[in-house]
6 protein chains.
Amino acid sequence: MPVINVQMLAGRTADQKRALAHALTEAVTAHANVSPDQVWIVFEEVARENWAMAGKLVSDR
Amino acid sequence: MPVINVQMLAGRTADQKRALAHALTEAVTAHANVSPDQVWIVFEEVARENWAMAGKLVSDR
Amino acid sequence: MPVINVQMLAGRTADQKRALAHALTEAVTAHANVSPDQVWIVFEEVARENWAMAGKLVSDR
Amino acid sequence: MPVINVQMLAGRTADQKRALAHALTEAVTAHANVSPDQVWIVFEEVARENWAMAGKLVSDR
Amino acid sequence: MPVINVQMLAGRTADQKRALAHALTEAVTAHANVSPDQVWIVFEEVARENWAMAGKLVSDR
Amino acid sequence: MPVINVQMLAGRTADQKRALAHALTEAVTAHANVSPDQVWIVFEEVARENWAMAGKLVSDR
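Residues numbered from 1 in each chain as written. Chains lettered and ligands numbered in written order. Predicted model: local features only at pLDDT ≥ 70, side-chain atom pairs only at ≥ 80, totals over all residues. Heavy atoms only, no water.

### Some points on the overall build of chain A
Here comes step 1: Across its full length, chain A carries 1 helix and 4 strands.
Here comes step 2: Going from N to C terminus, chain A has its helices and strands arranged as β-α-β-β-β.
Here comes step 3: At 14 Å, chain A has a C-alpha radius of gyration far larger than the 10 Å of a compact globule built from 61 residues.
Here comes step 4: C-alpha atoms of chain A, sized along the principal axes, occupy 40 × 25 × 15 Å.
Here comes step 5: Counting every position in chain A, which comprises 61 residues, the buried fraction comes to 56%.
Here comes step 6: Counted over contacts in chain A with a minimum sequence separation of 6, partners at least 24 positions apart contribute 61%. (Helix = DSSP H or I, 4+ residues; strand = E, 2+ residues; numbered from the N terminus. Rg over C-alpha atoms; globule rule 2.2 N^0.38 Å. Buried < 20%, exposed > 50% of the residue type's maximum accessible area, 1.4 Å probe, protein only. Contact = heavy atoms within 4.5 Å.)

As C-alpha coordinates, this is what we get:
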(Lines give C-alpha, C1' and ligand atoms only; values in the text may rest on other atoms or scores of the structure.)
Protein backbone atom coordinates (compact mmCIF):
# COMPACT_ATOMS: atom_id res chain seq x y z
CA MET A 1 0.00 0.00 0.00
CA PRO A 2 2.76 2.49 -0.04
CA VAL A 3 1.99 5.79 -1.72
CA ILE A 4 5.15 7.61 -2.75
CA ASN A 5 4.97 11.32 -3.46
CA VAL A 6 8.02 12.74 -5.18
CA GLN A 7 8.27 16.52 -5.22
CA MET A 8 10.99 17.63 -7.61
CA LEU A 9 11.83 20.49 -9.94
CA ALA A 10 10.02 20.27 -13.26
CA GLY A 11 12.01 19.27 -16.32
CA ARG A 12 12.49 15.50 -16.20
CA THR A 13 11.69 13.70 -19.44
CA ALA A 14 9.17 10.89 -19.75
CA ASP A 15 12.10 8.49 -20.00
CA GLN A 16 13.54 9.70 -16.73
CA LYS A 17 10.16 9.35 -15.02
CA ARG A 18 9.77 5.88 -16.49
CA ALA A 19 13.15 4.78 -15.13
CA LEU A 20 12.49 6.48 -11.81
CA ALA A 21 9.09 4.81 -11.38
CA HIS A 22 10.65 1.44 -12.09
CA ALA A 23 13.57 1.94 -9.70
CA LEU A 24 11.50 3.38 -6.85
CA THR A 25 9.05 0.50 -7.12
CA GLU A 26 11.91 -2.02 -7.00
CA ALA A 27 13.32 -0.30 -3.92
CA VAL A 28 10.01 -0.55 -2.10
CA THR A 29 9.20 -4.12 -3.06
CA ALA A 30 12.71 -5.22 -2.09
CA HIS A 31 12.70 -3.66 1.34
CA ALA A 32 9.14 -3.04 2.52
CA ASN A 33 7.62 -6.42 1.81
CA VAL A 34 4.91 -5.40 -0.65
CA SER A 35 4.06 -6.53 -4.16
CA PRO A 36 4.63 -4.11 -7.07
CA ASP A 37 0.92 -3.58 -7.77
CA GLN A 38 0.59 -2.19 -4.26
CA VAL A 39 2.98 0.66 -5.00
CA TRP A 40 1.55 3.94 -6.27
CA ILE A 41 3.85 6.82 -7.15
CA VAL A 42 2.94 10.43 -7.85
CA PHE A 43 5.45 12.89 -9.30
CA GLU A 44 4.76 16.50 -8.37
CA GLU A 45 6.71 18.79 -10.67
CA VAL A 46 7.56 22.10 -9.06
CA ALA A 47 8.52 25.27 -10.94
CA ARG A 48 11.82 26.89 -9.91
CA GLU A 49 9.84 29.89 -8.77
CA ASN A 50 7.88 27.66 -6.37
CA TRP A 51 10.77 26.07 -4.51
CA ALA A 52 12.86 27.89 -1.93
CA MET A 53 15.96 26.85 -0.02
CA ALA A 54 17.65 28.94 2.65
CA GLY A 55 15.05 31.64 2.12
CA LYS A 56 15.74 32.08 -1.60
CA LEU A 57 13.68 30.95 -4.58
CA VAL A 58 15.55 28.43 -6.71
CA SER A 59 14.81 30.66 -9.71
CA ASP A 60 16.88 33.40 -8.08
CA ARG A 61 19.97 31.32 -7.36
CA MET B 1 -11.01 21.45 10.42
CA PRO B 2 -10.49 18.60 8.08
CA VAL B 3 -8.36 19.31 5.04
CA ILE B 4 -8.99 16.81 2.26
CA ASN B 5 -6.41 16.43 -0.49
CA VAL B 6 -7.60 14.48 -3.49
CA GLN B 7 -4.88 13.39 -5.90
CA MET B 8 -6.41 12.14 -9.13
CA LEU B 9 -5.66 11.98 -12.82
CA ALA B 10 -6.36 15.24 -14.63
CA GLY B 11 -9.41 15.45 -16.84
CA ARG B 12 -12.44 15.90 -14.61
CA THR B 13 -14.81 18.67 -15.66
CA ALA B 14 -15.81 21.57 -13.45
CA ASP B 15 -19.19 19.88 -13.02
CA GLN B 16 -17.57 16.70 -11.76
CA LYS B 17 -15.43 18.66 -9.31
CA ARG B 18 -18.49 20.59 -8.16
CA ALA B 19 -20.41 17.38 -7.45
CA LEU B 20 -17.38 15.78 -5.86
CA ALA B 21 -16.76 18.74 -3.55
CA HIS B 22 -20.39 18.65 -2.46
CA ALA B 23 -20.44 14.89 -1.84
CA LEU B 24 -17.09 14.76 -0.02
CA THR B 25 -18.18 17.59 2.24
CA GLU B 26 -21.44 15.80 3.03
CA ALA B 27 -19.51 12.64 3.86
CA VAL B 28 -17.28 14.45 6.30
CA THR B 29 -19.99 16.49 8.00
CA ALA B 30 -22.15 13.36 8.38
CA HIS B 31 -19.48 11.20 9.97
CA ALA B 32 -16.74 13.36 11.48
CA ASN B 33 -18.83 15.80 13.46
CA VAL B 34 -17.78 19.05 11.81
CA SER B 35 -19.73 21.87 10.16
CA PRO B 36 -19.42 22.32 6.37
CA ASP B 37 -17.49 25.59 6.59
CA GLN B 38 -14.77 23.70 8.43
CA VAL B 39 -14.13 21.44 5.46
CA TRP B 40 -11.47 22.47 2.94
CA ILE B 41 -10.84 20.37 -0.13
CA VAL B 42 -7.96 20.60 -2.59
CA PHE B 43 -7.97 18.69 -5.87
CA GLU B 44 -4.51 17.90 -7.20
CA GLU B 45 -4.72 16.96 -10.85
CA VAL B 46 -1.97 14.62 -11.92
CA ALA B 47 -0.86 14.05 -15.53
CA ARG B 48 -0.84 10.41 -16.71
CA GLU B 49 2.91 10.71 -17.12
CA ASN B 50 3.23 11.62 -13.43
CA TRP B 51 1.38 8.67 -11.93
CA ALA B 52 2.83 5.18 -11.73
CA MET B 53 1.33 1.90 -10.57
CA ALA B 54 3.23 -1.38 -10.36
CA GLY B 55 6.32 0.37 -11.65
CA LYS B 56 4.71 1.64 -14.86
CA LEU B 57 3.61 5.14 -15.78
CA VAL B 58 -0.14 5.32 -16.38
CA SER B 59 0.63 6.96 -19.73
CA ASP B 60 2.36 3.73 -20.80
CA ARG B 61 -0.42 1.34 -19.88
CA MET C 1 -6.52 6.04 -8.79
CA PRO C 2 -7.53 8.77 -6.47
CA VAL C 3 -5.59 8.99 -3.24
CA ILE C 4 -7.50 10.91 -0.59
CA ASN C 5 -5.60 12.31 2.36
CA VAL C 6 -7.79 13.49 5.22
CA GLN C 7 -6.05 15.61 7.83
CA MET C 8 -8.27 16.00 10.89
CA LEU C 9 -8.00 16.39 14.63
CA ALA C 10 -7.37 13.10 16.44
CA GLY C 11 -10.22 11.55 18.36
CA ARG C 12 -12.52 9.86 15.87
CA THR C 13 -13.52 6.31 16.75
CA ALA C 14 -12.95 3.31 14.52
CA ASP C 15 -16.67 3.37 13.75
CA GLN C 16 -16.49 6.96 12.57
CA LYS C 17 -13.51 6.19 10.38
CA ARG C 18 -15.28 3.13 8.98
CA ALA C 19 -18.34 5.19 8.06
CA LEU C 20 -16.18 8.00 6.71
CA ALA C 21 -14.13 5.64 4.52
CA HIS C 22 -17.32 4.17 3.10
CA ALA C 23 -18.95 7.54 2.42
CA LEU C 24 -15.85 9.16 0.90
CA THR C 25 -15.37 6.17 -1.40
CA GLU C 26 -19.00 6.38 -2.51
CA ALA C 27 -18.59 10.08 -3.22
CA VAL C 28 -15.57 9.49 -5.42
CA THR C 29 -16.96 6.51 -7.31
CA ALA C 30 -20.21 8.38 -7.94
CA HIS C 31 -18.63 11.52 -9.33
CA ALA C 32 -15.10 10.80 -10.55
CA ASN C 33 -15.71 7.74 -12.67
CA VAL C 34 -13.52 5.24 -10.85
CA SER C 35 -14.17 1.84 -9.33
CA PRO C 36 -14.06 1.47 -5.51
CA ASP C 37 -10.87 -0.62 -5.49
CA GLN C 38 -9.10 2.31 -7.13
CA VAL C 39 -9.78 4.57 -4.14
CA TRP C 40 -7.18 4.73 -1.39
CA ILE C 41 -7.81 6.85 1.70
CA VAL C 42 -5.36 7.85 4.41
CA PHE C 43 -6.51 9.48 7.64
CA GLU C 44 -3.87 11.67 9.26
CA GLU C 45 -4.81 12.34 12.86
CA VAL C 46 -3.46 15.64 14.13
CA ALA C 47 -3.04 16.56 17.80
CA ARG C 48 -4.71 19.82 18.89
CA GLU C 49 -1.27 21.18 19.65
CA ASN C 50 -0.25 20.58 16.03
CA TRP C 51 -3.05 22.46 14.30
CA ALA C 52 -3.26 26.25 14.16
CA MET C 53 -5.93 28.56 12.82
CA ALA C 54 -5.64 32.33 12.71
CA GLY C 55 -2.22 32.10 14.31
CA LYS C 56 -3.41 30.17 17.37
CA LEU C 57 -2.94 26.52 18.27
CA VAL C 58 -6.28 24.71 18.51
CA SER C 59 -5.18 23.50 21.97
CA ASP C 60 -5.14 27.15 23.12
CA ARG C 61 -8.59 28.10 21.89
CA MET D 1 15.12 19.83 8.23
CA PRO D 2 11.72 21.34 8.06
CA VAL D 3 9.89 21.01 4.78
CA ILE D 4 7.12 23.56 4.42
CA ASN D 5 4.38 22.97 1.88
CA VAL D 6 2.19 25.98 1.20
CA GLN D 7 -1.01 25.27 -0.70
CA MET D 8 -2.57 28.51 -1.88
CA LEU D 9 -4.66 29.86 -4.72
CA ALA D 10 -2.63 30.58 -7.85
CA GLY D 11 -1.90 34.18 -8.71
CA ARG D 12 0.90 35.39 -6.47
CA THR D 13 3.71 37.19 -8.26
CA ALA D 14 7.35 36.16 -8.10
CA ASP D 15 7.92 39.11 -5.78
CA GLN D 16 5.27 37.91 -3.37
CA LYS D 17 6.74 34.41 -3.38
CA ARG D 18 10.22 35.85 -2.83
CA ALA D 19 9.04 37.84 0.19
CA LEU D 20 7.02 34.91 1.47
CA ALA D 21 9.94 32.48 1.19
CA HIS D 22 12.13 34.90 3.10
CA ALA D 23 9.59 35.54 5.86
CA LEU D 24 8.62 31.88 6.32
CA THR D 25 12.28 30.90 6.57
CA GLU D 26 12.88 33.60 9.18
CA ALA D 27 9.90 32.37 11.18
CA VAL D 28 11.20 28.83 11.23
CA THR D 29 14.81 29.67 12.03
CA ALA D 30 13.68 31.99 14.83
CA HIS D 31 11.42 29.51 16.55
CA ALA D 32 12.34 25.97 15.56
CA ASN D 33 16.06 26.04 16.14
CA VAL D 34 17.28 25.26 12.63
CA SER D 35 19.66 27.03 10.27
CA PRO D 36 18.22 28.65 7.10
CA ASP D 37 19.83 26.14 4.72
CA GLN D 38 17.84 23.42 6.46
CA VAL D 39 14.53 24.99 5.43
CA TRP D 40 12.92 23.88 2.19
CA ILE D 41 9.68 25.46 1.02
CA VAL D 42 7.38 24.33 -1.77
CA PHE D 43 4.53 26.51 -3.02
CA GLU D 44 1.66 24.55 -4.52
CA GLU D 45 -0.51 26.86 -6.57
CA VAL D 46 -4.12 25.72 -6.74
CA ALA D 47 -6.65 26.83 -9.36
CA ARG D 48 -9.90 28.29 -8.03
CA GLU D 49 -11.72 25.37 -9.60
CA ASN D 50 -9.60 22.98 -7.52
CA TRP D 51 -10.28 24.41 -4.08
CA ALA D 52 -13.55 23.96 -2.21
CA MET D 53 -14.77 25.40 1.07
CA ALA D 54 -18.09 24.52 2.68
CA GLY D 55 -18.85 22.22 -0.23
CA LYS D 56 -18.48 24.92 -2.91
CA LEU D 57 -15.69 25.45 -5.41
CA VAL D 58 -13.95 28.78 -4.87
CA SER D 59 -14.54 29.50 -8.58
CA ASP D 60 -18.30 29.43 -7.91
CA ARG D 61 -18.32 31.80 -4.98
CA MET E 1 -6.99 29.90 2.12
CA PRO E 2 -3.43 28.86 2.46
CA VAL E 3 -2.83 25.53 4.14
CA ILE E 4 0.68 25.24 5.49
CA ASN E 5 2.09 21.81 6.27
CA VAL E 6 5.29 21.84 8.28
CA GLN E 7 7.17 18.55 8.43
CA MET E 8 9.86 18.68 11.08
CA LEU E 9 11.63 16.41 13.52
CA ALA E 10 9.62 15.76 16.68
CA GLY E 11 10.67 17.47 19.87
CA ARG E 12 9.49 21.06 19.71
CA THR E 13 7.69 22.28 22.82
CA ALA E 14 4.19 23.69 22.84
CA ASP E 15 5.73 27.13 23.31
CA GLN E 16 7.85 26.73 20.20
CA LYS E 17 4.83 25.61 18.20
CA ARG E 18 2.82 28.53 19.53
CA ALA E 19 5.49 31.02 18.47
CA LEU E 20 5.95 29.28 15.15
CA ALA E 21 2.22 29.30 14.38
CA HIS E 22 2.08 33.01 15.15
CA ALA E 23 5.13 33.89 13.05
CA LEU E 24 4.16 31.74 10.06
CA THR E 25 0.69 33.27 10.05
CA GLU E 26 2.17 36.78 10.14
CA ALA E 27 4.45 35.92 7.23
CA VAL E 28 1.54 34.72 5.12
CA THR E 29 -0.82 37.57 5.95
CA ALA E 30 1.94 40.11 5.27
CA HIS E 31 2.93 38.77 1.87
CA ALA E 32 0.11 36.70 0.41
CA ASN E 33 -2.79 39.04 0.89
CA VAL E 34 -5.01 36.90 3.12
CA SER E 35 -6.59 37.47 6.50
CA PRO E 36 -5.29 35.47 9.49
CA ASP E 37 -8.44 33.36 9.87
CA GLN E 38 -7.79 32.04 6.37
CA VAL E 39 -4.48 30.51 7.39
CA TRP E 40 -4.44 26.90 8.57
CA ILE E 41 -1.22 25.30 9.74
CA VAL E 42 -0.52 21.64 10.43
CA PHE E 43 2.68 20.50 12.14
CA GLU E 44 3.72 16.98 11.24
CA GLU E 45 6.24 15.70 13.75
CA VAL E 46 8.59 13.14 12.30
CA ALA E 47 10.67 10.66 14.32
CA ARG E 48 14.43 10.66 13.63
CA GLU E 49 14.06 7.12 12.36
CA ASN E 50 11.55 8.32 9.77
CA TRP E 51 13.62 11.06 8.15
CA ALA E 52 16.51 10.39 5.80
CA MET E 53 19.01 12.71 4.17
CA ALA E 54 21.67 11.62 1.70
CA GLY E 55 20.47 8.05 2.04
CA LYS E 56 20.94 7.88 5.82
CA LEU E 57 18.34 7.92 8.58
CA VAL E 58 18.73 10.96 10.83
CA SER E 59 18.75 8.55 13.79
CA ASP E 60 21.97 7.04 12.40
CA ARG E 61 23.87 10.28 11.90
CA MET F 1 15.93 18.84 -4.22
CA PRO F 2 13.55 15.99 -4.36
CA VAL F 3 11.45 15.43 -1.28
CA ILE F 4 10.06 11.91 -1.14
CA ASN F 5 7.12 11.19 1.14
CA VAL F 6 6.42 7.52 1.68
CA GLN F 7 3.07 6.71 3.25
CA MET F 8 2.98 3.08 4.35
CA LEU F 9 1.44 0.90 7.03
CA ALA F 10 3.28 1.07 10.33
CA GLY F 11 5.43 -1.86 11.35
CA ARG F 12 8.67 -1.68 9.40
CA THR F 13 11.81 -2.12 11.46
CA ALA F 14 14.63 0.40 11.61
CA ASP F 15 16.65 -1.95 9.41
CA GLN F 16 13.96 -1.96 6.75
CA LYS F 17 13.75 1.82 6.83
CA ARG F 18 17.53 2.05 6.63
CA ALA F 19 17.64 -0.18 3.55
CA LEU F 20 14.65 1.60 2.03
CA ALA F 21 16.20 5.04 2.53
CA HIS F 22 19.38 3.86 0.87
CA ALA F 23 17.64 2.24 -2.09
CA LEU F 24 15.21 5.12 -2.71
CA THR F 25 18.07 7.60 -2.65
CA GLU F 26 20.03 5.50 -5.14
CA ALA F 27 17.01 5.34 -7.43
CA VAL F 28 16.63 9.10 -7.43
CA THR F 29 20.31 9.92 -7.87
CA ALA F 30 20.57 7.41 -10.72
CA HIS F 31 17.61 8.69 -12.69
CA ALA F 32 16.80 12.26 -11.69
CA ASN F 33 20.23 13.83 -11.93
CA VAL F 34 20.66 14.99 -8.34
CA SER F 35 23.34 14.38 -5.74
CA PRO F 36 22.47 12.24 -2.68
CA ASP F 37 22.60 15.13 -0.21
CA GLN F 38 19.80 16.75 -2.17
CA VAL F 39 17.42 13.88 -1.44
CA TRP F 40 15.19 14.10 1.63
CA ILE F 41 12.88 11.24 2.52
CA VAL F 42 10.07 11.20 5.06
CA PHE F 43 8.36 7.97 6.10
CA GLU F 44 4.79 8.44 7.28
CA GLU F 45 3.67 5.36 9.19
CA VAL F 46 -0.06 4.82 9.00
CA ALA F 47 -2.09 2.66 11.39
CA ARG F 48 -4.24 -0.05 9.79
CA GLU F 49 -7.28 1.76 11.13
CA ASN F 50 -6.24 4.88 9.21
CA TRP F 51 -5.91 3.37 5.76
CA ALA F 52 -8.86 2.38 3.60
CA MET F 53 -9.03 0.63 0.25
CA ALA F 54 -12.23 0.00 -1.67
CA GLY F 55 -14.19 1.66 1.11
CA LYS F 56 -12.92 -0.65 3.85
CA LEU F 57 -10.42 0.04 6.61
CA VAL F 58 -7.35 -2.18 6.30
CA SER F 59 -7.91 -3.18 9.95
CA ASP F 60 -11.24 -4.73 8.93
CA ARG F 61 -9.96 -6.82 6.04
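Having seen the model, we can carry on.
### A look at the interface of chain B and chain C
Often, the extent of an interface is quoted as the loss of accessible area on bringing the components together.
Here comes step 1: Counting residues at the interface gives 25 residues for chain B, matched by 25 residues for chain C.
Here comes step 2: When chain B packs against chain C, the two sides together hide about 2100 Å² of surface, and 69% of this comes from carbon and sulfur.
Here comes step 3: It is Met1, Val3 and His31 of chain B that lose the most area in chain B upon contact with chain C, and together they represent 27% of the buried surface on that side.
Here comes step 4: At the surface where chain B touches chain C, the tally comes to 0 salt bridges.
Here comes step 5: Linking chain B with chain C are 7 residue pairs in polar contact (both at pLDDT 80 or more).
Here comes step 6: If you list the elements that add at least two residues to the side of chain B that touches chain C, you get β1 (3-9), α1 (14-31) and β3 (51-53) of chain B.
Here comes step 7: Of all the elements, α1 of chain B adds the most residues to the side of chain B that touches chain C, at 8 residues.
Here comes step 8: Taken together, the residues of the side of chain B that touches chain C break down into 18 nonpolar, 6 polar and 1 charged.
Here comes step 9: Two strands pair when backbone bridges link them, and β1 of chain B and strand β1 (residues 3-9) of chain C are joined in this way by 5 bridges, in the antiparallel orientation. Bridging across to β1 of chain C, Val6 of chain B finds its partner in Ile4 of chain C. (Buried area = accessible area lost by both parts, 1.4 Å probe. Salt bridge = Lys/Arg side-chain N within 4 Å of Asp/Glu carboxyl O. Polar contact = N/O pair within 3.5 Å; in protein donor to acceptor, adjacent residues only side chain to side chain. Nonpolar A, V, L, I, M, F, W, Y, C, P; charged D, E, K, R; others polar. Pairing = 2+ DSSP bridges.)

### Points about the packing of helix α1 (residues 14-31) of chain A against helix α1 (residues 14-31) of chain F
Here comes step 1: Between α1 of chain A and α1 of chain F, the shortest axis-to-axis distance is 9 Å and the interhelical angle comes to 165°. Overall, the two elements α1 of chain A and α1 of chain F adopt an arrangement that is roughly antiparallel. The interaxial crossing formed by α1 of chain A with α1 of chain F has right-handed handedness. Packed against α1 of chain A, whose contacting residues are Gln16, Ala19, Leu20, Ala23, Leu24, Ala27, Val28 and His31 of chain A, the element α1 of chain F presents Gln16, Ala19, Leu20, Ala23, Leu24, Ala27, Val28 and His31 of chain F at the interface.
Here comes step 2: Class assignment of the residues belonging to the contact of α1 of chain A with α1 of chain F gives a composition of 12 nonpolar, 4 polar and no charged. (Axes fitted to C-alpha atoms, helices over the stretch in contact; angles between N-to-C directions. Parallel < 35°, antiparallel > 145°, perpendicular 65-115°, else oblique. Left-handed = near helix turned anticlockwise from the far one by under 90°.)

### Observations regarding the relation of the copies chain F and chain D
Here comes step 1: Of the transformation superimposing chain F on chain D, the axial component is 0.0 Å and the angular component is 180°, with the fit at an RMSD of 0.0 Å. The two molecules are tied by a two-fold rotation axis, judged by turn and shift. Scanning chain F for the C-alpha nearest the rotation axis identifies Val3 of chain F, at a separation of 4.2 Å.
Here comes step 2: A symmetric contact is evident, with 100% of the interface residues of chain F recurring at the interface of chain D. (Least-squares fit on C-alpha atoms with pLDDT ≥ 70 in both.)

### Some points on empty space enclosed by the protein
Here comes step 1: Applying the stated criterion across every chain yields a total of 1 cavity of 30 Å³ or more.
Here comes step 2: By volume, the largest cavity amounts to about 390 Å³.
Here comes step 3: Taken together, 18 residues form the lining of the largest cavity, with Glu44 of chain A, Glu44 of chain B, Glu44 of chain D, Glu44 of chain E together with Glu44 of chain F sitting closest to its centre.
Here comes step 4: Looking at the lining of the largest cavity, the elements that each hand over two or more residues are β1 (3-9) of chain A, β1 of chain B, β1 of chain C, β1 (3-9) of chain D, β1 (3-9) of chain E together with β1 (3-9) of chain F.
Here comes step 5: Within the lining of the largest cavity, the residues separate by chemical class into no nonpolar, 12 polar and 6 charged. (1 Å grid on protein atoms, 1.4 Å probe; cavity = no way out; pocket = protein on both sides within 12 Å on 5 of 7 lines; lining within 4 Å. Points joined across faces, edges and corners; volume = space filled by probe spheres on them.)

Purely spatial values, then, with no claim about function.
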